[in-house]
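Structural features, examined
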Amino acid sequence: NNMQQSLTIIGSGWISQHFLNDYAHKFHPIITISKSSPPPKQSTHHYYYDIYNQPTLTIPLTDICIITLPFKKSLTDPEKYSSAIIELSKKIHINNYKKIIFTSSTSIYANSNKVATETTACDTTDRALTLKKAEDYLLQQNKHTLILRLAGICGKNRNSRNKASSSQIIDASTPMNLIHVNDIINFIHNACINNYSSDIINLCCSDHPSRKTYYTF
């Protein structure tokens, strides 16, 4: 099929494995990059790369670049996350791709118990500010950048078993923001095959079960 687009996935972990399981046949070649995860079986070329300990990185250019790098809570200096994304973007010449898809997080918003839209002001915590800095940089560098702010990911084997089996549910009546991994990968696939200009999109289920309801289920 000569309509196949070429694809790069940076941060080839849990989400991208599910994406490739369903959609790898639509792309060729597929370049994957991870810090330590083994290459997905659908990968054409795999590179090991640690964004926090950056040697040089030379990879072939593809049509689409998906960046899905977890922003670990254990990072002592959150600022390192945006710095790492910016450095990486320069190394791979992010402006040369036809499309950039970046998975961000709805944790960028303050916890206000109100509905947040994409125009809601971001929180002022260090983590929210550095995530915003990474988003802004990508939006500036490439006019076909889609920022996906993901709610809490559920589905497949991501089922919060520890919390579900604990004897007490903290903040039991608090509503939850969740997104199923199938909805994420279907959305990413749609973004790959359709044209769009830069945008920020919240990916969240419109149902908001309480923590008690969800973990009891």
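Whatever comes next refers back to the structure up there.
Calculation rules
Positions within a chain are numbered from 1, following the residues in the order the chain's sequence is written. Whole-chain, interface and lining totals are the exception, using all residues; otherwise, since this is a predicted model, local features are given only for residues with pLDDT of at least 70 and side-chain atom pairs are given and counted only at 80 or more. In computing side-chain properties, one takes all heavy atoms of the structure into account and sets aside hydrogens as well as water. Pairing of aromatic rings covers Phe, Tyr and Trp, the last counted by its six-membered ring, and requires centre-to-centre distances within 6.5 Å; plane angles under 30 degrees mean stacked, over 60 mean edge-to-face, and any other angle means tilted. The helix and strand labels rest on DSSP assignments: H or I over at least four residues marks a helix, E over at least two residues marks a strand, and numbering proceeds from the N terminus. Burial classification: accessible surface area is computed with a 1.4 Å probe over protein chains only, and a residue below 20% of its type maximum counts as buried, one above 50% as exposed, and the rest as partly exposed. In the sections that follow, a salt bridge refers to a side-chain nitrogen of Lys or Arg positioned within 4 Å of a carboxyl oxygen of Asp or Glu. Two N or O atoms form a polar contact when they lie within 3.5 Å of each other; inside protein one atom must be a possible hydrogen donor and the other a possible acceptor, and for residues adjacent in sequence the pair counts only when both atoms belong to side chains. Here, residues are in contact when the closest pair of their heavy atoms is within 4.5 Å. Among buried residues, those of type Ala, Val, Leu, Ile, Met, Phe, Trp, Tyr and Cys that are joined through side-chain atoms within 4.5 Å constitute a nonpolar core. By the convention used here, strands pair only if DSSP detects at least 2 bridges between them. Comment: axis = line fitted to C-alpha atoms, over the contacting stretch for helices; angle = value between 0 and 180 degrees taken between N-to-C directions.

**So, the packing of aromatic side chains**
This model, assessed by the stated rule, comprises four aromatic pairs. For the pair F71 and Y81, a centre-to-centre distance of 4.3 Å together with 10° between the ring planes defines the contact as stacked. Here F71 is found in the loop between β4 (64-67) and α2 (79-91), whereas its partner Y81 is found in helix α2, with ten residues between them in sequence. Note on F71: relative accessible area 15%, which makes it buried. Owing to a relative accessible area of 1%, Y81 belongs among the buried residues under this scheme. Clustering of aromatic rings is evident, with ring pairs tying together F19, Y23 and F27.

**Considering the pattern of salt bridges**
Side chains that differ in sign of charge can pair as their charged atoms come close. By the definition in use, this model includes four salt bridges. Here K98 makes a salt bridge to D63, at a shortest N to O gap of 3.1 Å. A residue pair is termed long-range when its members are at least 10 positions apart, and K98 in the loop between α2 and β5 (99-105) and D63 in the loop between β3 (45-48) and β4 qualify at 35 residues. Judged by relative accessible area, K98 falls into the exposed class, the value being 56%. For E79, the salt bridge goes to K133, with nearest N and O atoms at 2.8 Å. With a gap of 54 residues between them, E79 in helix α2 and K133 in helix α3 (residues 126-141) connect regions that are remote in the sequence. Taking the relative accessible area as the measure of exposure, K133 reaches 39% and is therefore partly exposed.

**Details of the environment of S107**
Tracing the chain through its elements places S107 in the loop between β5 and α3. Spatially, the C-alpha atom of S107 lies 8.3 Å from that of R149, the residues being 42 residues apart in sequence. At a separation of 2.8 Å, a polar atom in the side chain of S107 contacts the side chain of S105.

**Regarding the environment of K156**
Mapped onto the elements of the fold, K156 is located in the loop between β7 (152-154) and α4 (161-165). As for K156 and H180, which are separated by 24 residues in sequence, their C-alpha atoms are 8.4 Å apart. If we skip the residues at most four places from it in the chain, K156 touches W14, H18, H180, V181 and N182. Of note is the side chain of K156, whose polar atom sits 3.3 Å from the side chain of N182.

**Describing the nonpolar core**
Ranked by internal contacts, the top residues of the largest apolar core, which has 28 residues, are I10, I67, L69, Y81, I85, I92 and F102. For I92, the contacting residues outside a window of four places in its chain are I10, L57, I59, C65 and Y97. The next biggest cluster of nonpolar side chains, apart from the first, holds 25 residues, and it includes L20, L148, I185 and L203.

**Structural notes on the sheet that holds β5**
In space, the seven strands of this open sheet follow the order β3-β2-β1-β4-β5-β6-β9, with parallel pairing throughout. Looking at which strands have only one partner, the edges of the open sheet turn out to be β3 and β9 (199-203). Neighbouring strand axes in the sheet, compared pairwise and without regard to direction, differ in orientation by 15° on average. Pairing between strand β1 (residues 5-10) and strand β2 (residues 27-34): five bridges, direction parallel. Bridging from a neighbouring strand, L7 pairs with I30 of β2. Here helix α5 (residues 181-193) sits on the sheet and contacts β1, β2, β4, β5, β6 (145-150) and β9; the angle it forms with β5, its principal contact strand, is near 155°.

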